[in-house]
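# Report on the structure
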Amino acid sequence: MYYFKIIILYLLDLIRNLIHQPKILNYLQKLDLKNGFDIGAHEGETLEYFLKIKSMNKIYAFEPQVKIYKKLYKRFNSNNKIILNNLALSNKIEDKVFFINVLSSTSSFSVLDKNSLWLKIKNMILNEKNSIKDSISLKTSTIDYYVNENNIDMIDLLKIDTEGHEYEVLMGAQKTINENKIKYLLIELHYSKMYKNYSRIKIEEFLKNNNFTLLKSFKFPFHTFVDNLYEYKKLTKKI
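A brief report on the enclosed structure follows. (Residues numbered from 1 in each chain as written. Predicted model: local features only at pLDDT ≥ 70, side-chain atom pairs only at ≥ 80, totals over all residues. Heavy atoms only, no water.)

### Considerations on the overall build of the protein chain
To keep it simple, the criterion reads: To qualify as a helix, a DSSP run of H or I must reach at least 4 residues; to qualify as a strand, a run of E must reach at least 2; elements of each kind are numbered from the N terminus. We compute the radius of gyration over the C-alpha atoms and compare it with the globule rule, which gives 2.2 Å times the number of residues raised to the power 0.38. It only takes one pair of heavy atoms within 4.5 Å for two residues to be counted as in contact. We get accessible surface area from the Shrake-Rupley algorithm with a probe of 1.4 Å; when it comes to residues, only the shown protein chains can shield them. Only four residue types enter the charge count, namely Lys and Arg as positive and Asp and Glu as negative; His and the chain termini do not. For this purpose, a charge sits on NZ of Lys, CZ of Arg, CG of Asp or CD of Glu.
Regarding its fold elements, the protein chain presents eight helices and ten strands. By the compact-globule yardstick of 18 Å for 239 residues, the protein chain fits well, its C-alpha radius of gyration being 18 Å. Considering only C-alpha atoms, the protein chain reaches an extent of 65 × 40 × 35 Å along its principal axes. Considering only contacts in the protein chain between residues 6 or more positions apart, those separated by 24 or more positions represent 69%. In the structure as shown, the protein chain presents an accessible area of about 13200 Å², 53% of it carried by carbon and sulfur atoms. Measuring between centres, the 37 positive side-chain charges of the protein chain sit 3 Å from its 26 negative side-chain charges.

### Re the packing of aromatic side chains
Heads up, the condition is: Two aromatic rings, drawn from Phe, Tyr or Trp (for Trp, its six-membered ring), form a pair once their centres lie within 6.5 Å of each other, and the interplanar angle then sorts them: stacked below 30 degrees, edge-to-face above 60, tilted otherwise. Relative accessibility under 20% of the residue-type maximum defines a buried residue, over 50% an exposed one, and the middle range a partly exposed one, all with a 1.4 Å probe and only protein chains included.
The tally for this structure, following the rule as stated, stands at twelve aromatic pairs. Ring centres of F37 and Y60 lie 5.1 Å apart, and the angle between their planes is 50 degrees; on these two criteria the pair is classed as tilted. Here the residue F37 occupies a position in strand β1 (residues 35–39), and Y60 occupies one in strand β2 (residues 58–62), the gap between them amounting to 23 residues. The class of F37 is buried, set by a relative accessible area of 1%.

### Regarding the side chain of N210
To be explicit about the condition: Polar contact criterion, stated in full: a pair of N or O atoms within 3.5 Å, where within protein one must be able to donate a hydrogen and the other to accept it, and residues adjacent in sequence count only if both atoms are side-chain atoms.
With respect to the element layout, N210 can be found in the loop between α8 (200–209) and β9 (212–219). A polar side-chain atom of N210 sits 2.8 Å from a polar atom in the side chain of Q174. Within the structure, the side chain of N210 is placed 2.8 Å from the backbone oxygen of F206, a separation counted as a polar contact. Discounting chain neighbours no more than four positions away, the residues touching N210 are Q174, I177, N178 and Y232.

### Digging into helix α3 (residues 66–76)
The following threshold applies: The arc under discussion is defined with respect to the helix axis, by the directions toward the C-beta atoms.
Residues I68, Y69, L72 and F76 constitute the buried set of α3. Taken around the axis of α3, the buried residues stretch over an arc of 100 degrees, which confines them to a single face. α3 presents K67, K70 and K74 as exposed residues on the side facing more than 90 degrees away from its buried surface. If you follow the buried residues of α3, they end up packed against α2 (45–50) and β3 (82–85).

### A few points about the sheet that holds β3
Under the convention used in this document: One requirement defines pairing of two strands: DSSP has to find at least two bridges between them. Comment: axis = line fitted to C-alpha atoms, over the contacting stretch for helices; angle = value between 0 and 180 degrees taken between N-to-C directions.
Spatial strand order, β3-β2-β1-β7-β8-β10-β9: seven strands in an open sheet with mixed pairing. The open sheet has two free edges, formed respectively by β3 and β9, since each of these has just one partner strand. The average angle at which neighbouring strand axes cross in this sheet is 15 degrees, direction not considered. Judged from the five bridges that link them, strand β7 (residues 155–160) and strand β8 (residues 182–190) form a sheet pairing that is parallel. Paired with I155 across the bridge in β8 is I182. Sheet contacts for α8: β8, β9 and β10 (225–232); angle to β8, the most-contacted strand, approximately 170 degrees.

Purely spatial values, then, with no claim about function.
Structure (structure tokens):
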């Protein structure tokens, strides 16, 4: 079972690095992106691709897990294009319980639904009865607070990959959205029912109500999520 786990994870990484991420990168390179927010940076998988966008000159990266952040810091601290933040973003400034997963890339504030078929399949692949190995308390902030404190005028690309906590992160950016400070949004949406109280439809309705138009969907092969790219388009009233 151990070798089965290794093979599956290896194949998923191969698909991500050779197919999925390059497709996203090729599309993003067509846009005039000067800066970006990478929320859920993990060990810098997406940062590597953002750095290949020639027009990008500043990237704010956010990773809440201390151990993972240390790896991120070691890899990218010397790059003057990247501003690293060991910070968790949500809809409020408060203390929240954060769940550490066996796969650190899937750690999240989201509560797992133990009845989920996909979760059972995932645990079987990982050869684990419970994929959550620990929980910690983290102080959260919001995009609105961070943007205000750091005098950020515009976010050309806001990337959110927070394993089921995307809606809360968006709620914490409401003021920034209202002030037309986000051009493009790249967000991970889940089709499985692995997370309690998670609603992909609710996220899509929020984006529609806040003038985000879908540009492109990037479906991860053989998986249960999609990365959607949206553009903010403020509708003008006809006179």
